[in-house]
Structure formats: structure tokens, C-alpha cells
Amino acid sequence: MNQESEARLSRAGIQVKKGLERFMNNEALFARFLKKFPADPNLKKLREAFAANDREGALTASHTLKGVCGNLSMDVLFELFGRQVALLRQEEWDKAAAMMPEIEKVYAETLAAIEECGL
């Protein structure tokens, strides 16, 4: 991964050096998993759960996304989903739902960075 790609991913909240460490410094493997991220179905499931007032489904999708983002060192998204999961567990449905615009924005920025880096 070149410096330009690393800088672009970093601006999107992806800690590349930390991510590489998690993947035993295997850059190709880390890149492969970043490339798979846009196809993850859980954001769609999260949106659908909020639309259907499905509290269990929202918690499951948000928690799954938190884990995926943590594994990929997407620290900004990891923190957002962590806060949302905590709110859902505290039954603060409206506050958790109110986080969706910020989550959607950061998620879109993350996807754009991955695409711009050719991943």
C-alpha cells in the first residue's frame, strides 16, 4: 500500500498501521478484507431494523458492524457503533436512531476512501 493510499484511508478513520498489525503485517490480506467491506450487508440490515422498529435486529446489526469495523481498524466507525450498541442495550432507541445520519456519513466516507484507493 503506497503512502497516498495509507493517508487517504487514514483521513477516513482507518488506522492502516494498526490494521496491518491485526493482519500480521500481511498487506494483501488486509487489503482483501477492506475490499470486502462494501459488500457487508449489515448496514442495510441496520437501516431496515430501525425502519421496522426492530430493536433486536438493530442491536444485532450494529453490534456486528462494531466488530467488523474493529477488526479492520476503522476506529471512527467502531466508536460510533460502540456508542450506538450501548444506547440500544440501555433501551435508548430514539438516541440510537438519531445516530444514523452521522453513521451514514462516516460509512459513506469510508467506502469512498476504499474505492479511491482501488480496493
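How each quantity is defined
- Starting afresh in each chain, residues are numbered from 1 along the sequence in its written order.
- The predicted origin of the model limits local features to residues at a pLDDT of at least 70 and limits the giving and counting of side-chain atom pairs to 80 or more, whereas totals for whole chains, interfaces and linings rest on all residues.
- Side-chain measures here rest on the full set of heavy atoms in the structure, leaving out hydrogens and waters.
- UniProt positions are given in the numbering used here, feature names are shortened, and annotations may be inferred rather than shown by experiment.
- Think of it this way: any DSSP run of H or I at least four residues long counts as a helix, any run of E at least two long counts as a strand, and we number them from the N terminus.
- Think of a salt bridge as a Lys or Arg side-chain nitrogen and an Asp or Glu carboxyl oxygen that are within 4 Å of each other.
- Buried residues are those whose accessible area, probed at 1.4 Å on protein chains only, stays under 20% of the maximum for their type, while exposed residues exceed 50% and partly exposed ones sit between those limits.
- Taking the helix axis as origin, the arc is that swept by the directions to the C-beta atoms.

(A) Quick peek at the UniProt feature "domain: HPt" (unreviewed entry) in the chain. Look at the UniProt record and you will see "domain: HPt" (unreviewed entry) annotated at residues 41–108. Structurally, residues 41–108 comprises 84% helix and 0% strand, and the distance from its first C-alpha atom to its last is 14 Å.

(B) Examining the pattern of salt bridges more closely. Under the defined criterion, the tally for this structure stands at nine salt bridges. Measuring nitrogen to oxygen at the nearest pair gives 2.6 Å for the salt bridge that ties Glu-116 to Arg-8. Of the two residues, Glu-116 sits in helix H8 (residues 100–116) while Arg-8 sits in helix H1 (residues 3–11), which places them 108 residues apart along the sequence. A relative accessible area of 55% places Glu-116 in the exposed class. A salt bridge links Arg-83 to Glu-79; the shortest N-O distance between them is 3.3 Å. With Arg-83 and Glu-79 both in helix H6 (residues 75–89) and four residues apart, the pair spans about one turn of that helix.

(C) Examining H1 more closely. Within H1, the full set of buried residues consists of Ser-5, Arg-8 and Leu-9. Along the axis of H1, the buried positions cluster into a sector of 95°, meaning they face one direction only. Along H1, exposed side chains directed more than 90 degrees from the buried face belong to Gln-3 and Arg-11. Where H1 ends, the next residue or the one after it, Gly-13, has phi of about 95°, a positive value.

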